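The residues making up each chain are set out below.
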Protein chains: 2
Amino acid sequence: MDGSLTTTPDLEVMCSSAPDAGFAIRDMLGHLGDKWTLLVVGMLEAGPIRYSELKNLVPGISQRMLTLTLKKLERDGLVDRRSYPEIPPRVEYSLTALGRTLLEPALAFAHWARDSGDAIRAARAEYDRR
Amino acid sequence: MDGSLTTTPDLEVMCSSAPDAGFAIRDMLGHLGDKWTLLVVGMLEAGPIRYSELKNLVPGISQRMLTLTLKKLERDGLVDRRSYPEIPPRVEYSLTALGRTLLEPALAFAHWARDSGDAIRAARAEYDRR
DNA sequence: CGGAATCCGGAGGGATACTG
DNA sequence: CAGTATCCCTCCGGATTCCG
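Bear in mind the structure is a predicted one, so any value in this text is a computation, not a measurement.

Rules used throughout
Residues numbered from 1 in each chain as written. Chains lettered and ligands numbered in written order. Predicted model: local features only at pLDDT ≥ 70, side-chain atom pairs only at ≥ 80, totals over all residues. Heavy atoms only, no water. Pairing = 2+ DSSP bridges. Helix = DSSP H or I, 4+ residues; strand = E, 2+ residues; numbered from the N terminus. Contact = heavy atoms within 4.5 Å. Axes fitted to C-alpha atoms, helices over the stretch in contact; angles between N-to-C directions. Parallel < 35°, antiparallel > 145°, perpendicular 65-115°, else oblique. Nonpolar A, V, L, I, M, F, W, Y, C, P; charged D, E, K, R; others polar. 1 Å grid on protein atoms, 1.4 Å probe; cavity = no way out; pocket = protein on both sides within 12 Å on 5 of 7 lines; lining within 4 Å. Points joined across faces, edges and corners; volume = space filled by probe spheres on them. Polar contact = N/O pair within 3.5 Å; in protein donor to acceptor, adjacent residues only side chain to side chain. Near = heavy atom within 4 Å.

1. Some remarks on the sheet that holds strand S2 (residues 79-84) of chain A
Pairing between the strands of a sheet comes from backbone hydrogen bonds, and it takes one of two forms, parallel or antiparallel.
All names here are of chain A.
(1) Moving on: Ordered in space as S1-S3-S2, the three strands form an open sheet in which the pairing is antiparallel. The sheet is open, and its two edges are formed by strand S1 (49-50) and S2, each paired on a single side.
(2) Moving on: Across six bridges, S2 lies against strand S3 (residues 90-95) in antiparallel orientation. Bridge pairing links Tyr84 to Arg90 in S3.

2. Notes on the sheet that holds strand S1 (residues 49-50) of chain B
(1) Moving on: With respect to topology, three strands assemble into an open sheet ordered S1-S3-S2 (chain B), the strand pairing being antiparallel. Two strands in the sheet have a free side with no partner beyond their single neighbour: S1 and strand S2 (79-84) of chain B.

3. Focus on the side chain of B:Asp76
(1) Moving on: Position of B:Asp76 among the secondary structure elements: in the loop between helix H5 (63-75) and S2.
(2) Moving on: Not counting the four nearest positions on each side in its chain, B:Asp76 is found in contact with A:Ile120, A:Ala123, A:Arg124, B:His31, B:Leu32 and B:Leu98.

4. Let's talk about the packing of helix H5 (residues 63-75) of chain A against helix H6 (residues 97-128) of chain B
(1) Moving on: For the pair H5(A) and H6(B), interaxial distance at closest approach is 8 Å and the crossing angle is 105°. Classified by the angle between their axes, H5(A) and H6(B) sit roughly perpendicular to one another. In contact with A:Lys71, A:Glu74 and A:Arg75 of H5(A), H6(B) contributes B:Ala123, B:Arg124, B:Tyr127 and B:Asp128.
(2) Moving on: Its residues placed into classes, the contact of H5(A) with H6(B) shows two nonpolar, no polar and five charged.

5. Here's the deal with the layout of surface pockets
(1) Moving on: By volume, the largest pocket is sized at about 150 Å³.
(2) Moving on: Looking at the largest pocket, the residues that line it are A:Glu74, A:Arg75, A:Gly77, A:Val79, A:Asp80, A:Arg81, A:Thr96, B:Ala123, B:Glu126, B:Tyr127 and B:Arg130.
(3) Moving on: Contributing elements (two or more residues each) for the lining of the largest pocket: H5 and S2 of chain A together with H6 of chain B.

6. Section: the side chain of A:Glu92
Residue and element names in this part refer to chain A.
(1) Moving on: Structurally, Glu92 can be placed in strand S3.
(2) Moving on: Within polar-contact distance, the side chain of Glu92 engages the side chain of Arg90 at 3.3 Å.
(3) Moving on: Apart from residues no more than four positions distant in its own chain, Glu92 is found in contact with Pro48, Ile49, Arg50, Asp80, Arg81, Arg82 and Tyr84.

7. With respect to the protein's contact with DNA strand D
(1) Moving on: Taken together, the neighbourhood of DNA strand D is formed by 19 residues, with A:Arg50, A:Ser52, A:Arg81, A:Tyr93 and B:Arg64 sitting nearest.
(2) Moving on: In the interface set of DNA strand D, defined as its atoms within 4 Å of the protein, sugar plus phosphate atoms amount to 59%.
(3) Moving on: At 2.6 Å, a side-chain N or O of A:Ser52 approaches a phosphate oxygen of DNA strand D.
(4) Moving on: One nitrogen or oxygen atom from the side chain of A:Gln63 is found 3.2 Å from a base nitrogen belonging to DNA strand D.
(5) Moving on: For the surface near DNA strand D, the secondary structure elements donating two or more residues are helix H4 (51-57), H5 and S3 of chain A together with H5 of chain B.
(6) Moving on: The greatest single-element share of the surface near DNA strand D, amounting to four residues, is contributed by H5(A).
(7) Moving on: Classifying every residue of the surface near DNA strand D by side-chain character gives eight nonpolar, four polar and seven charged.

None of the figures reported here should be taken as evidence of function without further support.
Encoded structure:
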C-alpha cells in the first residue's frame, strides 16, 4: 500500500459501509448539536459545579434550557447529577467517564470556533457586500 | 507556578475573560451545530464533489437543506462552489483552506459519535426503565 | 442536473410566574 | 437555591412543485 496521498473519505466510509451507522451519526449530531449542549459540557470540565454557578457561567442561557440540557445529558449518561438534601438545596453536576470522552471533541470545536470566528465574520461580510 | 493539577477551566476562561468571546463561541455553536452542517463538511473531506453525489452520500437530507447548508458554508468562507456552464449543468463543492481546518474537529466529533453511540443508547434505555 | 419558491407542521427555545 | 409549568412565537426542516 502506498502512503503517498490516501484521501481516506472517512465519514463517507462510516456512513456508506454500515447503513445504520450513518443514521446513528446523523442522530447524534442532530441530538448534541443544539445551541447549548457543547457549551454546557465544556463548562463542566473543571469538575462538580452547582446549578446556579453553571447558569452564571453560560452567557445568556435560560433556566429552562439549562435544565433541559442537563436532563438530556444525564439521560445520555454523560452527566452525573448529585443533590444534597440541605436548605437551601444544593445540586452539583459533573461529567461521567463517558461524558469526559466528549470533552475532547467539544473543546476542539470550541477552540476552532474561537480561532476562526474573525475569519468567518470577515468572509460573511465579503459575501454580503455583493 | 505548580504544574501539579491545574484544572484549566478552558471554555470558562474563554467565555469569562472576554465577554464578547463567549458570545461568539455561543453563536458559532448555534450556527454550525445544526442537524446537517458537520455531516456535510465531513463528506467534503475527499475533495470536490457534485451536488447530486453529495445528496446521495448524506443519508436522508432533503434538497432544500443541502442547498441551504451549502449556501451557509459558502457564505462563511468554508466551502468553495464552482459551477461549470455545461449541459447538463455541473456544480462541484469543495472545502476552502479555512473549511479544511474545521474538518479536524468535525471528524473528531463524528468519530466520537460513532464510538459512543452504543453506550449512550444503553444509558438512555437504563434511564428510561425507571 | 442543480437548484429556487412556496407551503406548512412541529420542534426549539425565550420570558415569566410559581413551588419545595 | 434549584428547579417546574405555562405561554407563545420563531424558524427549522420536510414535501412538493417549478425553472434554466
